[in-house]
Amino acid sequence: MSGLAVACRRVVHIYRASEAGAAGAGDIVALAGVDLSISPGEMLALVGPSGSGKSTLISLLAGLMRPSAGRVNIGTYDMGKLSDSEISRLRGTEIGVVLQGAARNLLPYADLHRNIWLAQRRAARTSGIQLDDPDRILDLVGLGGRGRAKVGELAPGARQRAALAVGIAAGPGLLLVDEPTSQLDTHGRDEVLGALETVNTERGTTIVVVTHDAEVGARLGRAVTIRDGRVGAEGRDGQDFAVVAGDGTVQLPPEVLGMYPPGTLFTVDHEDGTVSLVAGGAHAALAPPHASGVVPD
Ligand SMILES: Nc1ncnc2c1ncn2[C@@H]1O[C@H](COP(=O)(O)OP(=O)(O)OP(=O)(O)O)[C@@H](O)[C@H]1O
């Protein structure tokens, strides 16, 4: 199937300390209002510091959890409104999920053909669509001719590509991949990224990758930085941008923010497509005289 669009609107996710306890005490706000749009067939990396909310966001996209507030749309589906069984069907068909750690996605003693067949079996029963030949899927991830190889015989990079093969076995329109390169050397990482690019180009699959590796983000072309449970910034084709959130807020880059204590006042000038923030007002003495964040209008 062709790529699915993704739209997150003001998405909030709270891990409750206790279902029965008073709301607020010990609760963790993992996502605090995420706005994010991904076009069909786009490849995108979610980057950001540990604990910023990347895994929580990808779990919501996978339907493994429901948002506490806000909307998550995958294609025409509103993930918050689907039943558990509908979500479970989607995850086996239109949404492919590759969990962190290749081994968690694979049966270690089975060969690659059987691993792929098991991933296709449910889709074949429920969707009735024509599924790809397992050898064709292995070709896509650079494992052509390895169908009879057991998972345990594969090198780490090949094992990760086998996990990708299982993730795309049912022909999903959205592929979600958690940290696919974290345990790999440069060569293994390049092979995995090459496999993702091939899947994206040949199938048109929308691909979202969670990664700590800034180079992975750069190579995928679009890297969205999650900071403190919100979209903090975005890199596109080597250029960094601040992002206006749905509630009108904009995060300054941490290195800029560090120069200004909370409460610093700025004036906002905008002219000829250029927006400038100029530190001034009551706290001007604490801050450098000119802060200029120039973004396209
Ligand atoms: N099951 C959970 N129960 C309670 N709090 C959680 C749970 N999972 C994550 N958190 C908290 O939610 C916040 C976001 O965590 P999340 O795992 O989404 O971040 P992350 O960016 O994926 O981090 P990492 O890169 O380390 O995996 C953190 O404060 C984390 O401690």
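Our subject in this report is the structure included herewith.

Rules used throughout
Residues numbered from 1 in each chain as written. Predicted model: local features only at pLDDT ≥ 70, side-chain atom pairs only at ≥ 80, totals over all residues. Helix = DSSP H or I, 4+ residues; strand = E, 2+ residues; numbered from the N terminus. Buried ≥ 20, exposed ≤ 12 C-beta atoms within 10 Å, placed from the backbone. Contact = placed C-beta atoms within 7 Å. Near = placed C-beta within 6 Å. Nonpolar A, V, L, I, M, F, W, Y, C, P; charged D, E, K, R; others polar. Pairing = 2+ DSSP bridges. Axes fitted to C-alpha atoms, helices over the stretch in contact; angles between N-to-C directions. Parallel < 35°, antiparallel > 145°, perpendicular 65-115°, else oblique. Left-handed = near helix turned anticlockwise from the far one by under 90°. Core = buried A, V, L, I, M, F, W, Y, C linked by C-beta atoms within 7 Å. Expected span 1.5 Å × (residues − 1).

Quick look at the overall build of the protein chain now. Secondary structure assignment for the protein chain yields eight helices and 13 strands. A principal-axis box enclosing the C-alpha atoms of the protein chain has dimensions of 70 × 45 × 35 Å. Each of the 297 residues in the protein chain was classed as buried or not, and the buried ones make up 37%. Sequence-distant contacts in the protein chain: of pairs separated by 6 or more residues, those separated by 24 or more amount to 64%.

Near the ligand you find Tyr-15, Ile-28, Ala-30, Gly-48, Ser-50, Gly-51, Ser-52, Gly-53, Lys-54, Ser-55 and Thr-56, and these make up its full shell. Secondary-structure elements contributing two or more residues to the shell around the ligand are β2 (28-38) and α1 (54-61). Per element, the largest residue contribution to the shell around the ligand is three residues, and it comes from α1. Its residues placed into classes, the shell around the ligand shows three nonpolar, seven polar and one charged.

So, about the pairing of strand β4 (residues 69-74). Of the pairings in the sheet, the one linking strand β1 (residues 6-15) to β4 comprises five bridges and is antiparallel in character. The residue bridging Arg-9 from the neighbouring strand is Arg-71, located in β4. For β4 and strand β5 (residues 77-78), the ladder comprises two bridges, and the chain directions are antiparallel. Bridge assignment links Ile-74 to a residue of β5, and that residue is Tyr-77. Once β4 ends, the chain turns through two residues before running back antiparallel as β5, passing Gly-75 with a positive phi of about 55°.

Despite not being glycine, Glu-179 has its phi angle at roughly 45°, a positive value. Here Glu-179 lies in the loop between β7 (174-178) and α6 (186-203). Phi is positive for Asp-228, which is not a glycine, with a value near 50°. Within the secondary structure, Asp-228 sits in the loop between β9 (222-227) and β10 (230-236).

As a further point, take the packing of helix α3 (residues 112-126) against helix α5 (residues 156-167). Viewed as axis vectors pointing N to C, α3 and α5 meet at an angle of 30°, and their least axial separation amounts to 8 Å. Classed by the angle they form, the pair α3 and α5 counts as roughly parallel. Once α3 is placed against α5, the crossing between them reads as right-handed. Within the contact between the two elements, α3 uses Leu-112, Asn-115, Ile-116 and Ala-119 and α5 uses Ala-162, Ala-165 and Val-166. A breakdown of the residues in the contact of α3 with α5 according to their chemical character gives six nonpolar, one polar and no charged.

Take the nonpolar core next. Judged by nonpolar contacts, the single largest core of 67 residues is most densely connected at Leu-46, Leu-61, Ala-162, Ala-165, Leu-176 and Val-208. When near neighbours in sequence (up to four residues on either side) are disregarded, Leu-176 contacts Ile-58, Leu-61, Ala-62, Ile-95, Gly-96, Val-97 and Val-208.

The end-to-end C-alpha distance of α5 is 17 Å, a good match for the 16 Å that 12 residues give at a rise of 1.5 Å each. α5 sits mainly inside the fold: 11 of its 12 residues count as buried. Gly-157, Ala-158, Arg-159, Gln-160, Arg-161, Ala-162, Ala-163, Leu-164, Ala-165, Val-166 and Gly-167 are the residues of α5 that are buried.

Within the open sheet, the seven strands sit side by side as β6-β7-β8-β3-β9-β10-β11. Their pairing is mixed. Here the strands that pair on one side only, and so sit at the sheet edges, are β6 (95-98) and β11 (239-241). If you compare each strand with its neighbour and ignore which way they point, the axes differ by 20° on average. As paired strands, β9 and β10 are joined by six bridges and run antiparallel to one another. Within β10, the residue paired with Arg-222 across the bridge is Arg-236. Sheet contacts for α6: β3 (43-47), β7 and β8 (206-210); angle to β8, the most-contacted strand, approximately 155°.

Between its terminal C-alpha atoms α6 stretches 25 Å, which fits the 26 Å expected from 18 residues at 1.5 Å a residue. Buried residues of α6: Arg-189, Glu-191, Val-192, Leu-193, Ala-195, Leu-196, Val-199 and Arg-203, and no others. Turning to α6, the residues buried within the fold contact β3, α4 (134-140), α5, β7, β8 and α7 (214-220). Gly-204 occupies a position one or two residues after α6 and carries a positive phi of about 75°.

Take it as geometry only, folks, not as evidence of what the structure does.
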